[in-house]
Amino acid sequence: MGVEIRLLGRFSARRDGREIPPGAFGGRLARTLLRILISRRGAFVTREYLTEALWPKAQPADPVMNVNVLVQRARSALGDQGLIVTGPGGYSFAGAGGCVIDAEVFLAAVGRGRALHAAGDHPAALQEFRLALEVWAGEPLAEDTYEEWAQEFRTMLLRARLDALEGAAALALATGDAAQAVACSELAVVQEPLREAAHLLLATTLAASGDPAAALAALDRLRRRLADELGLDPSEEADRLQLRILRGEPVVTTAPAPPVAARSTFGQLPFLGREHEVAEILARLADPFPGPILVLGPPGAGKSRLIAEVGARSRRPVVAARGFRTQQEEPWGLARDLITEVLSLDASVVEAVSPRAAQALADVVPLVADLREVGSGAVDPESRRSLAREGAIRIFEAIAAKAPLVVVDDVQWADATSLALLEVVARRVPRIGLVIASRSGEASVGGSAATFLGELARAGGDVLTVTVGPLPRPAVVELVGEGYLAEVILRETEGTPLAIAEVLQALVRRGLVEADGPARWRVRQAGAAEVRSAAHAGQRRAIEVRVGLQTAREGRTLSLLALLGREAPARLLAAASGRDDEGAVLDDLDALAGAGLVRLGERGWAMHHDVIGEVVIEGLESSHRGRLHGMLAKALDADGAEPAEVAGHLVGAGDPDAAADAFADAARRGLERFANDEAEKLSTAGLELAPRTELRRALLEIRAEARGRRGDTAPARDDLRCALETGGADRSRILTSMAMLTSGTEDYVLASELVELALGEAGRDPAARARALTAGARLDLNLQRPKRAAARAGEALALFEEVGDPDGVADILEIRCIIAIQLAQFGEALTLLGRATRLFQDAGRLMRIGRCRSNWASRWQRRGSPMKV
């Protein structure tokens, strides 16, 4: 079947009938490069032209290298190196053989229709025009509407569509198919509202269909539009047509078909009513050090559209990402997408990262390892998190030279790790313009996001907060004109862009309003009485009706995507639905996208708007929703998804035992990544499911460790106490952990008692006894009992060496180093420090090396005074 690429509507690609997920291209720019090459298929495009087209606002430091990287990503995603040919100084999309481009199929059909029409073969010409219009799936190169490189190709395709619409309308009229004639001519008027020929064709088809009133109204609109916008009068041909209609004379030689109501189509609302907000944000971004910009508003208020418009108009190069509801507990989820986009902007910034930090960051962003050499060797979780974070900051610092605009949408669903990184970037890299959009209201914002937004708010005057709500009256009037429809929308809807769009779409579908230009609507003469009741039903009812119009198969695909709550490839949805035919799922998604219910994003398919997803989920019967959750859990688990996401669907499927296991797995991964906030939340979620005893104990210990790392010693100690009460646990390990936590609060008496209990529980278990002795030695140091600390450390060292635990040996050597300092044995202390440092280095415990050396330096400066460890 080969490769199929779609440029009409949202860009997508398939190979052998299966989707090539957007994420396979490794970023937005690789897909853009492919579209540029396809729009000039057969011609070589120079690297210089590609550089200007891909980075119009700020070129990367090494354009040739960056273009080459993008070409390799595109070739890899397509799975056919021969599709993109390297030539002298540039590249060409050859696409020989089995590669099909929908825009080329469309143009070929229009060309055949034109030729057959000119030759007088009208039935064959009409068939070709119909074929072309079936291929047309939406605006060409929709992602590149404002890009200079796309204009010529877009204009050619839009003109061809106009030819197809007008040709199909004229031929359908000649064959007596009034319904198609009216529909095609109306679409032609919507596309080119100032083209007289299209208006005359519409009036002719309406009159021929038996609706002279609508025909005269169409001519009146033409007259007003030409006068208002161009200061012109219609032609004599328009006057003659109007006179024939008024006299009741036939306008075509064929017998008229039964009357048919013209039906408009609905795309999306134009951007309007937010110019003040855009200007305010752009003015702040003009400052070299703009500070964070926060956009707040309820669902459907148009926050995403606003920040996209800001990105399009800003002179800064844009880096964009968004949060997703089901990924709130996935460490680095949002940050990974942001860093990937930064590297697409300029891959050379990765060289600012040290090899060791690049190694840690590559675990989070695999693209890093594709762009440069990374370090090797073991790195413990704490050090890996610190290195990855520092590497990410270095990348943002390096890209700051280009003064980019970082846009983060739906930050209320971002993970804690990514939010912490954003907070540091906002403070340390002030040249970056940071625009953050979030739902307003405490109920819509999670704990981590609320903390992050609170920190921004406390920053004071540096933060610009822009709040959006209902569209102002002038914007509604601009959309539908003064009069009844505007009053109904303002009075009966919430007034947000989503509410207005849903109500208008419902009215269009019922034939109550019609297009009055490409971005303007009006009530039909016979529809005014029904408009109010339809608008009063509101956006949620409008969405429910639109969802109900889909087929059962499309409805199931839509429900799965709504429950998934994030962007996903068609492959995953096919696996969840139990279908081997991914092409059938893609057909469902295409139909749902045509209905405005889903969209194709940067990493896959998602709901067109979160509110649509919420309405879909609310409409699912509980047992059916549970089955769908179970299908998703199975597919996600097989796909290697994050266990936290799997756990959420297992809860929805009514399987709390399996969900608790998955939450425990996810919490352990959180600890391994040193993502303590996420680990605490995940373990808490597992505990809320009342798991079996042994799993409850494990979750309590995980949560205790996460809380202890964050300094929440009292809750951590309570968790460990509860874990002890479950019985059958490794009581010595738990008691040792409790002793360390208690020591941290300087309750040394209780800590000593816990150490003794831990030693008793350890019995003859050398590893357990060694851990308890280590805790006792640290406690003795804090109690200024160096000799007893030395004795315990010596016994623990022998036990760790016996069981082959190098980490334990390193910990004891560090303690003995501090003991030697307290005893003024500085030569011995230096030797022990060197041995401990080497072991920490070998184990990748890099943070521990820093703390060990800091302890040495601090104690050396304060020789003779006690030191807490």
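Calculation rules
- Residues numbered from 1 in each chain as written.
- Predicted model: local features only at pLDDT ≥ 70, side-chain atom pairs only at ≥ 80, totals over all residues.
- Heavy atoms only, no water.
- Helix = DSSP H or I, 4+ residues; strand = E, 2+ residues; numbered from the N terminus.
- Buried < 20%, exposed > 50% of the residue type's maximum accessible area, 1.4 Å probe, protein only.
- Areas by Shrake-Rupley, 256 points an atom, 1.4 Å probe, with all protein chains shown as cover.
- Lys, Arg positive; Asp, Glu negative; His and termini not counted.
- Charge placed at Lys NZ, Arg CZ, Asp CG, Glu CD.
- Pairing = 2+ DSSP bridges.
- Expected span 1.5 Å × (residues − 1).
- pLDDT = per-residue confidence, 0-100.
- Contact = heavy atoms within 4.5 Å.
- Salt bridge = Lys/Arg side-chain N within 4 Å of Asp/Glu carboxyl O.
- Core = buried A, V, L, I, M, F, W, Y, C linked by side-chain atoms within 4.5 Å.
- Phe/Tyr/Trp six-rings, centres within 6.5 Å; stacked < 30°, edge-to-face > 60°.
- Axes fitted to C-alpha atoms, helices over the stretch in contact; angles between N-to-C directions.
- Polar contact = N/O pair within 3.5 Å; in protein donor to acceptor, adjacent residues only side chain to side chain.
- Parallel < 35°, antiparallel > 145°, perpendicular 65-115°, else oblique.
- Left-handed = near helix turned anticlockwise from the far one by under 90°.
- Nonpolar A, V, L, I, M, F, W, Y, C, P; charged D, E, K, R; others polar.
- Patch = residues over 30% accessible without salt bridge, like charges linked within 9 Å, V, L, I, M, F, W, Y side chains within 5 Å.

Caption draft 1: Seen up close, the overall build of the protein chain. The helix and strand inventory of the protein chain stands at 40 helices and 16 strands. When its C-alpha atoms are laid out on the principal axes, the protein chain stretches across 115 × 60 × 55 Å. Burial status across the protein chain gives 54% buried among its 869 residues. Carbon and sulfur atoms form 52% of the exposed surface of the protein chain, whose accessible area is close to 36,000 Å². When the 106 positive and 118 negative side-chain charges of the protein chain are each reduced to one mean point, those points stand 4 Å apart.

Caption draft 2: Expanded view of the sheet that holds strand β3 (residues 18–19). Taking strand neighbours across the sheet as the criterion, the 4 strands line up as β3-β2-β1-β7 in an open arrangement whose pairing is mixed. In this open sheet, the two strands that pair with only one neighbour each are β3 and β7 (100–101). As paired elements, strand β1 (residues 3–6) and strand β2 (residues 12–15) share 4 bridges and run antiparallel to each other. Along β2, the bridge assignment pairs glutamate 4 with arginine 14.

Caption draft 3: Structural detail: helix α24 (residues 552–564). With 13 residues, α24 ought to run about 18 Å at 1.5 Å a step, and its terminal C-alpha atoms sit 18 Å apart, in line with that. When you tally the buried positions in α24, you get 10 out of 13 residues, the bulk of the element. Residues of α24 that are buried: Glu554, Gly555, Thr557, Leu558, Ser559, Leu560, Leu561, Ala562, Leu563 and Leu564. With its phi angle positive at about 70°, glycine 565 sits one or two positions after the end of α24.

Caption draft 4: Highlighting the confidence of the model for the protein chain. When pLDDT is averaged across the protein chain, the result is 88; 93% of the residues are at 70 or more. Counted against residues more than four places away or in other chains, residues 253–264, with its pLDDT under 50, gives 31 contacts. Contacts from residues 864–869, a stretch scored under 50 in pLDDT, to residues over four places away or in other chains number 19 contacts.

Caption draft 5: Geometry of the pairing of β1. Counted between consecutive antiparallel strands, the loop separating β1 from β2 contains 5 residues, among which glycine 9 sits at a positive phi close to 85°. When β1 meets β7, the two strands line up parallel, connected through 2 bridges. Following the sheet pairing, isoleucine 5 is matched in β7 by isoleucine 101.

Caption draft 6: Representation of the side chain of arginine 73. Position of arginine 73 relative to the elements: it lies in helix α3 (residues 63–78). In this structure arginine 73 is buried but unpaired, with aspartate 370 as the nearest side chain of opposite charge at 6.7 Å. Discounting residues that sit within four places of it in the chain, arginine 73 has contacts with Ala24, Phe25, Gly26, Ala30, Leu343, Ser344, Leu367 and Leu371.

Caption draft 7: Structural view of the nonpolar core. Ile5, Phe93 and Phe396 are the most contacted members of the largest nonpolar core, which has 134 residues in total. Among the elements that line this core, the one with the most residues is helix α6 (residues 151–174), at 11 residues. Residue contacts for phenylalanine 396: discarding those within four places in its chain leaves Leu338, Ile339, Val342, Val406, Leu421, Val425, Val429 and Ile432. Core analysis: the next-biggest nonpolar cluster, separate from the first, contains 52 residues, Ala664, Ala758, Ala789 and Leu797 among them.

Caption draft 8: Expanded view of the packing of aromatic side chains. For the structure shown, the criterion picks out 2 aromatic pairs. Taking 6.1 Å as the distance between ring centres and 65° as the angle between the ring planes, the aromatic pair formed by phenylalanine 11 and phenylalanine 25 counts as edge-to-face. With phenylalanine 11 in the loop between β1 and β2 and phenylalanine 25 in the loop between β3 and α1 (28–39), the pair connects residues that are 14 residues apart, well separated along the chain. The exposure class of phenylalanine 25 is buried, given its relative accessible area of 1%.

Caption draft 9: Expanded view of the sheet that holds strand β9 (residues 318–322). Pairing is parallel across the open sheet formed by 5 strands, whose spatial order is β9-β10-β11-β8-β12. A single partner strand is all that each edge strand has here, and the edge strands are β9 and β12 (464–467). Strand-to-strand twist of the sheet, defined as the mean angle between neighbouring strand axes without regard to direction, takes the value 15°. In the packing of helix α13 (residues 333–345) onto the sheet, the strands contacted are β9 and β10 (405–409), and the crossing angle to β9 comes to about 160°.

Caption draft 10: Region of the structure containing the side chain of glutamate 128. Position of glutamate 128 relative to the elements: it lies in helix α5 (residues 122–135). Engagement of the side chain of glutamate 128 in a polar contact is seen with the side chain of arginine 112, the distance being 3.0 Å. In this structure glutamate 128 touches Ala109, Arg112, Gly113 and Leu116, once residues within four positions along its chain are discounted.

Caption draft 11: Just the environment of valine 435, in detail. Mapped onto the fold, valine 435 is located in strand β11 (residues 433–439). A residue is classified by how much of its surface remains accessible, and valine 435, at 1% relative accessible area, is buried. It is 57 Å that separates the C-alpha atoms of valine 435 and aspartate 121, two residues lying 314 residues apart in sequence. Among all residues touching valine 435, those that are not within four sequence positions of it are Ile281, Leu285, Ile293, Val295, Ile307, Leu405, Val406, Val407 and Val408.

Caption draft 12: Quick peek at the packing of helix α7 (residues 178–191) against helix α8 (residues 196–208). Following both chains from N to C, one finds α7 and α8 inclined at 155°, their axes separated by 8 Å at the closest point. With respect to α8, the axis of α7 lies roughly antiparallel. You can see that α7 and α8 cross each other, and the crossing is left-handed. Contacts between α7 and α8 involve Ala181, Val182, Ser185, Glu186, Ala188 and Val189 on the former and, on the latter, Ala198, His199, Leu201, Leu202, Thr205 and Leu206. Classifying every residue of the contact of α7 with α8 by side-chain character gives 8 nonpolar, 3 polar and 1 charged.

Caption draft 13: Just the pairing of β9, in detail. Here β9 shows one buried face, formed by Val319 and Ala321, and one open face, formed by Val318, Ala320 and Arg322. Bridge count between β9 and β10: 5 bridges; the pairing is parallel. For alanine 321, the partnering residue across the bridge sits in β10 and is valine 408.

Caption draft 14: Inspection of helix α28 (residues 622–638) at higher detail. Over its 17 residues, α28 extends 25 Å from the first C-alpha to the last, a length consistent with the 24 Å expected when each residue adds 1.5 Å. Buried within α28 are the following residues: Gly626, Leu628, His629, Leu632, Ala633, Ala635 and Leu636. Just beyond α28, the residue with positive phi is glycine 640, at close to 75°.

Caption draft 15: A look at the environment of alanine 124. Considering the arrangement of structural elements, one finds alanine 124 in helix α5. On the accessibility criterion, alanine 124 (23% relative accessible area) is partly exposed.

Caption draft 16: Looking closely at a nonpolar patch on the surface. A surface patch of nonpolar side chains, about 250 Å² in accessible area, is lined by Leu194, Leu230 and Leu232. Looking at the element boundaries, leucine 194 is found in the loop between α7 and α8.

Caption draft 17: Just the packing of helix α4 (residues 102–119) against α6, in detail. For the pair α4 and α6, interaxial distance at closest approach is 10 Å and the crossing angle is 45°. Classed by the angle they form, the pair α4 and α6 counts as oblique. In this structure, the crossing between α4 and α6 has a hand that is left-handed. In contact with Ala103, Phe106, Leu107, Val110, Arg114 and His117 of α4, α6 contributes Phe153, Met156, Leu157, Arg159, Ala160, Arg161, Asp163, Ala164 and Leu171. Considered class by class, the residues forming the contact of α4 with α6 number 10 nonpolar, 1 polar and 4 charged.

Caption draft 18: Structural context of the pattern of salt bridges. Considering all chains together, one arrives at 67 salt bridges under this definition. Residues glutamate 680 and arginine 707 are paired through a salt bridge, measuring 3.0 Å at the closest nitrogen-oxygen approach. Of this pair, glutamate 680 sits in helix α31 (residues 676–687) while arginine 707 sits in helix α32 (residues 693–709), and the two are 27 residues apart along the sequence. Take glutamate 680 and arginine 707: they sit in the same class, and that class is buried. Residue arginine 710 pairs with aspartate 712 through a salt bridge whose shortest N-O separation is 3.6 Å. Classification of aspartate 712 by relative accessible area gives partly exposed; the value is 27%. It is possible to trace a salt-bridge network through shared partners that takes in Asp677, Glu680, Arg703, Arg707, Arg710, Asp712 and Asp719.

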